[in-house]
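# Secondary and tertiary structure notes
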Amino acid sequence: MSKAPVLPGGEVVAQAVNATGNRAMDIRGGIKAGSLSVLVNCQGQGTLTVSVEPVGLSFPLECEAGEVSSTFNQLSLKRARDHGTVSVTAPSGVRWALTVGR
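Read on for a plain summary of the structure. Predicted model, so just to flag it, every value in this text is computed and none were measured. Note that residues are indexed from 1 along each chain, following the sequence as it is written. Local features in a predicted model are, by the rule used here, given only for residues with pLDDT of at least 70; side-chain atom pairs are given and counted only at 80 or more, and totals for whole chains, interfaces and linings are based on all residues. Note: side-chain values were computed over all heavy atoms of the structure, leaving out hydrogens and water.

What follows concerns the overall build of the chain. Helix and strand definitions follow DSSP, with helices as H or I runs of at least four residues and strands as E runs of at least two, each counted in order from the N terminus. Of regular secondary structure, the chain possesses 0 helices and 8 strands. In the chain, the succession of helices and strands from N to C terminus is β-β-β-β-β-β-β-β. Throughout, the radius of gyration refers to the C-alpha atoms, and the reference size of a globule is 2.2 Å times the residue count to the power 0.38. On C-alpha atoms alone, the chain measures out to a radius of gyration of 13 Å, which is about the 13 Å that the 2.2 N^0.38 rule sets for 102 residues. Exposure classes here rest on a 1.4 Å probe applied to the protein chains alone. A residue is buried below 20% of its type maximum, exposed above 50%, and partly exposed in between. Looking at the 102 residues of the chain, the share that counts as buried comes to 45%. In the chain, the share of contacts with a sequence separation of at least 24, taken over all contacts with a separation of at least 6, comes to 72%. Entry remark: accessible area of the chain is about 5200 Å², with carbon and sulfur atoms responsible for 46%. Across the chain, 9 positive and 7 negative side-chain charges occur, with their mean positions spaced 9 Å apart. Between two residues, a contact is recorded if the distance between any of their heavy atoms is within 4.5 Å. Residue-level accessible areas treat just the shown protein chains as cover; the underlying method is Shrake-Rupley with a 1.4 Å probe. Here Asp and Glu are counted as negative and Lys and Arg as positive; His is not counted, and neither are the chain ends. In plain terms, the charge of a residue is placed at NZ if it is Lys, CZ if Arg, CG if Asp and CD if Glu.

Structure follows, in structure tokens:
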């Protein structure tokens, strides 16, 4: 988890590397209308949950000991929000990295 997942294109608006446990991060510049991408990698035994507010996106990722699990979620938003937050909830034994982009 020493590197963040690579965004296929666009602008990175939140990122974390080699993180453990729970964390909340502001989405730089708020949430714009259009696509919002969330890429997550994790390693260690347990379930990690990502949520994006205020849009109500939430999804789990099953993490495995000894291998890297990954997921990519993208949503298309019709309207902008002035502020956005991405939150990760994970067991302390799970290492993770995350990239949010638009």
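This paragraph deals with the sheet that holds strand β4 (residues 46–53). Strand pairing is assigned whenever DSSP detects at least two bridges linking the two strands. Pairing in this open sheet of 4 strands is antiparallel, and the strands run β2-β7-β4-β5 from one edge to the other. In the strand order of this sheet, the two ends are held by β2 (23–26) and β5 (57–63), each with one partner. Taking each pair of neighbouring strands and ignoring which way they run, the sheet shows an average axis angle of 15°. Across 7 bridges, β4 lies against β5 in antiparallel orientation. Paired with T47 across the strands is E62, a residue of β5. Fitted lines through C-alpha atoms serve as axes, helices being fitted only where they are in contact, and the angles separating the N-to-C directions of these axes extend from 0 to 180 degrees.

This next bit is on the sheet that holds strand β8 (residues 95–101). Spatially, the 4 strands line up as an open sheet ordered β1-β8-β3-β6, and their pairing is antiparallel. In this open sheet, the two strands that pair with only one neighbour each are β1 (12–20) and β6 (69–77). With direction set aside, neighbouring strand axes in the sheet form an average angle of 10°. In this sheet, β8 lies alongside β1 in antiparallel orientation, the contact comprising 6 bridges. Residue pairing across strands places V12 opposite G101, the latter belonging to β8.

A general feature of soluble globular proteins is that nonpolar side chains tend to end up buried together. Counting residues in each nonpolar core, the largest one holds 27 residues, and the members touching the most others are V38, L48, V50, W96 and L98. Of all the elements in the fold, those that place two or more residues in this core are β1, β3 (34–43), β4, β5, β6, β7 (85–89) and β8. Ignoring any residue separated from it by four or fewer positions in sequence, one finds V50 in contact with V38, V40, L57, S58, F59, V86, S87, V88 and L98. Buried residues of nine kinds, namely Ala, Val, Leu, Ile, Met, Phe, Trp, Tyr and Cys, make up a nonpolar core once their side-chain atoms join them within 4.5 Å.

As a further point, take the environment of S51. Note on placement: S51 falls in strand β4. Note on S51: relative accessible area 18%, which makes it buried. Between the C-alpha atoms of S51 and L39, which are 12 residues apart in sequence, the distance is 12 Å.

Salt bridge, as applied in this entry: a Lys or Arg side-chain nitrogen positioned within 4 Å of an Asp or Glu carboxyl oxygen. Under the defined criterion, the tally for this structure stands at 1 salt bridge. Two residues, R102 and E11, come together in a salt bridge whose shortest N-O distance is 3.4 Å. Taken as a pair, R102 in the segment after β8 and E11 in the segment before β1 lie far apart in primary sequence, 91 residues in all. A relative accessible area of 24% places R102 in the partly exposed class. The class of E11 is partly exposed, set by a relative accessible area of 39%.

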